[in-house]
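So you can see what is in the structure, the chains are spelled out below.
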Amino acid sequence: MPDLTPEILWIGGGAAAALAAALALVIAFARARRSRPPRPEAARPREAPVALAPPEGAVPVAAPQPEPVARAATDWRAGLRRTRGAITGRLESLLRGRASLDEQTLSEVEAILYGADLGVRTAEELLAAVRGLRSPDDVRPLLASKARALLEALPSAVVEPSETPHVILVVGVNGSGKTTSIGKLALRYSRAGKRVIVAAGDTYRAAAIEQLSVWAERAGVEIVKGAPGGDPASVAFDALRAARARDFDVVIVDTAGRLQTDQGLMDELAKIQRVMRKEIGDAPHEVLLVLDANTGQNAIRQAQEFKKAVAVSGIVLSKLDGTARGGVVLGIAQEVGLPVRYVGLGESIEDLADFDAGQFVEALFAPAAAD
């Protein structure tokens, strides 16, 4: 029998060498793992969370919701700074240091009142009241009291919606801020939880349709548009029909920027109303006339003419913060008998404030020296 011991020893020696080599590799690999920096926490795989059943009898609690962003209060003093300077500031400069109201002083008070775009009738009434005073110190408080009484004697401009949809017709001349005011108004209703649709009824200008489309997008509301040059009454009718079919809460109808002297265009306002009433019998529920505060007494004439054509329920006075002619609010109240519903106090889409007679008068006749 041949001697196999040397071969067995060789095989055993080879196996031992292989085992030693493998062991060396394992040790080296372990050392390499220990020396390698750990992976970042975000990179480690996570196990799916296990949903635990609530204890028996536990009351479920809703997840906390983010707080709504509070809107800043209307800054009437800042918005009326220019108008206050034109009326109260000039009166203070005139009356400061005077002991009495002589004829010369009264004549200068008259010039200030007539130059403040209050309207002739309003200026005359206020001047008559001032003539009954003795002390210059009583002029500003008296004017404030008279102005407040004048505004508060008007019917409320607020129209509470009595049915759905609530239809608002918006009228005014080109450049008055009409389209911008519609966008701001649409946003207010939308944020109040209302479903809003606007109608681009100013079909005479393609730019007007596009402009209203931009404002509707910014406000997050829907829009009904017609072809440029189309029938505005048809656009209004389509908007009302869509609103009823799809359960919208508010319809705001734009109209062409009419000059109050254009009888043909004024007649069309009446046509729009007639056509809308074929769909909703008592539409529109509000007619808002947008006036540019910068136009002063011309705004009074516009209001008088529009009131003849449509049943205007309230005024939207735009650009009030950028003018010294805000006293026209008193002229509109006295000579036209229309209440102001909203005022524009800035260019932002949120800068449309409910008109408040008390705050308006307080800001208008506040001491100008504090500005």
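Above: the structure in question.
In this report, we go over the structure that sits alongside the text.

Looking at the pattern of salt bridges
Turning to step 1, where the next piece is worked out: In the structure shown here, the tally under the stated rule is 16 salt bridges.
Turning to step 2, where the next piece is worked out: Taking the shortest distance from any N to any O, the salt bridge between E108 and R98 comes out at 3.9 Å. With E108 in helix α4 (residues 103–114) and R98 in the loop between α3 (81–95) and α4, this residue pair connects regions lying 10 residues apart in the sequence.
Turning to step 3, where the next piece is worked out: Notably, a salt bridge pairs D354 with R341, separated by 3.2 Å at the nearest N-O pair. A residue pair is termed long-range when its members are at least 10 positions apart, and D354 in strand β8 (residues 352–354) and R341 in strand β7 (residues 340–344) qualify at 13 residues.
Turning to step 4, where the next piece is worked out: For R341, a relative accessible area of 9% gives the class buried.
Turning to step 5, where the next piece is worked out: Beyond isolated ion pairs, a larger network of salt bridges with shared partners links R188, R341 and D354.

Observations regarding the side chain of Q334
Turning to step 1, where the next piece is worked out: By secondary structure assignment, the location of Q334 is in helix α12 (residues 328–335).
Turning to step 2, where the next piece is worked out: At 2.6 Å, the side chain of Q334 and the side chain of E125 are in polar contact.
Turning to step 3, where the next piece is worked out: Those residues in contact with Q334 that lie beyond four places of it in its chain are R121, T122, E125 and L150.

Overview of helix α8 (residues 206–219)
Turning to step 1, where the next piece is worked out: Given a rise of 1.5 Å per residue, 14 residues ought to cover 20 Å, and the 20 Å separating the end C-alpha atoms of α8 matches this to within 8%.
Turning to step 2, where the next piece is worked out: Of all the residues in α8, the buried ones are A208, I209, L212, S213, W215, A216 and A219.
Turning to step 3, where the next piece is worked out: Residues of α8 that are buried in the fold lie against α7 (178–191), β2 (196–199) and β3 (222–224).

Comments concerning the side chain of K178
Turning to step 1, where the next piece is worked out: Inspection of the secondary structure assignment puts K178 in helix α7.
Turning to step 2, where the next piece is worked out: Assessed through its relative accessible area of 5%, K178 is described here as buried.
Turning to step 3, where the next piece is worked out: Residues contacting K178, with those up to four places away along its chain left out, are V170, V171, G172, D202, D254, T255, A256, G257 and V290.

Some remarks on unusual backbone geometry
Turning to step 1, where the next piece is worked out: With an omega of 0°, the peptide bond between T164 and P165 qualifies as cis.
Turning to step 2, where the next piece is worked out: Take P165: it is sitting in the loop between α6 (139–152) and β1 (166–171).
Turning to step 3, where the next piece is worked out: In this structure, P284 follows A283 across a cis peptide bond, with omega equal to -5°.
Turning to step 4, where the next piece is worked out: Relative to the helices and strands, P284 resides in the loop between α10 (263–279) and β5 (286–292).

Topic: the packing of aromatic side chains
Turning to step 1, where the next piece is worked out: Taken as a whole and judged by the stated rule, the model has two aromatic pairs.
Turning to step 2, where the next piece is worked out: Where W76 meets F355, the ring centres are 6.0 Å apart and the plane angle is 80°; that geometry is what we call edge-to-face. Taken together, the positions of W76 in helix α2 (residues 76–79) and F355 in the loop between β8 and α13 (357–364) put the pair 279 residues apart, joining distant regions of the chain. Just as W76 is buried, F355 falls in that class too.
Turning to step 3, where the next piece is worked out: Relative to F360, the ring of F355 lies with its centre 5.3 Å away and its plane at 50°, an arrangement referred to as tilted.
Turning to step 4, where the next piece is worked out: The exposure class of F355 is buried, given its relative accessible area of 18%.
Turning to step 5, where the next piece is worked out: Taken together, the ring pairs in this structure connect W76, F355 and F360 into an aromatic cluster.
Turning to step 6, where the next piece is worked out: One Lys or Arg, R195, reaches over the ring of F248 and ends 4.1 Å from the middle of that ring.
Turning to step 7, where the next piece is worked out: One cation-aromatic arrangement involves R218 over W215; the distance from NZ or CZ to the ring centre is 4.4 Å.

Topic: α4
Turning to step 1, where the next piece is worked out: An ideal rise of 1.5 Å per residue puts 16 Å on 12 residues; α4 measures up with 16 Å between its terminal C-alpha atoms.
Turning to step 2, where the next piece is worked out: Within α4, the full set of buried residues consists of T105, L106, V109, I112 and L113. The buried residues of α4 occupy an angular sector of 115° when the element is viewed end-on, so they sit on one face.

Structural notes on the sheet that holds β8
Turning to step 1, where the next piece is worked out: One open sheet accounts for eight strands, arranged β3-β2-β4-β1-β5-β6-β7-β8; its pairing is mixed. The open sheet terminates on both sides in strands that have one partner only, identified here as β3 and β8. Going from strand to strand, the sheet's axes swing by 25° on average, the running direction of each strand aside.
Turning to step 2, where the next piece is worked out: As paired strands, β2 and β3 are joined by three bridges and run parallel to one another. Residue pairing in the sheet places A199 in a bridge with V224 of β3.

Criteria and cut-off values
Residues numbered from 1 in each chain as written. Predicted model: local features only at pLDDT ≥ 70, side-chain atom pairs only at ≥ 80, totals over all residues. Heavy atoms only, no water. Salt bridge = Lys/Arg side-chain N within 4 Å of Asp/Glu carboxyl O. Helix = DSSP H or I, 4+ residues; strand = E, 2+ residues; numbered from the N terminus. Buried < 20%, exposed > 50% of the residue type's maximum accessible area, 1.4 Å probe, protein only. Polar contact = N/O pair within 3.5 Å; in protein donor to acceptor, adjacent residues only side chain to side chain. Contact = heavy atoms within 4.5 Å. Expected span 1.5 Å × (residues − 1). Phe/Tyr/Trp six-rings, centres within 6.5 Å; stacked < 30°, edge-to-face > 60°. Lys NZ or Arg CZ within 6 Å of the ring centre and 35° of its normal. Arc of directions from axis to C-beta. Pairing = 2+ DSSP bridges. Axes fitted to C-alpha atoms, helices over the stretch in contact; angles between N-to-C directions.

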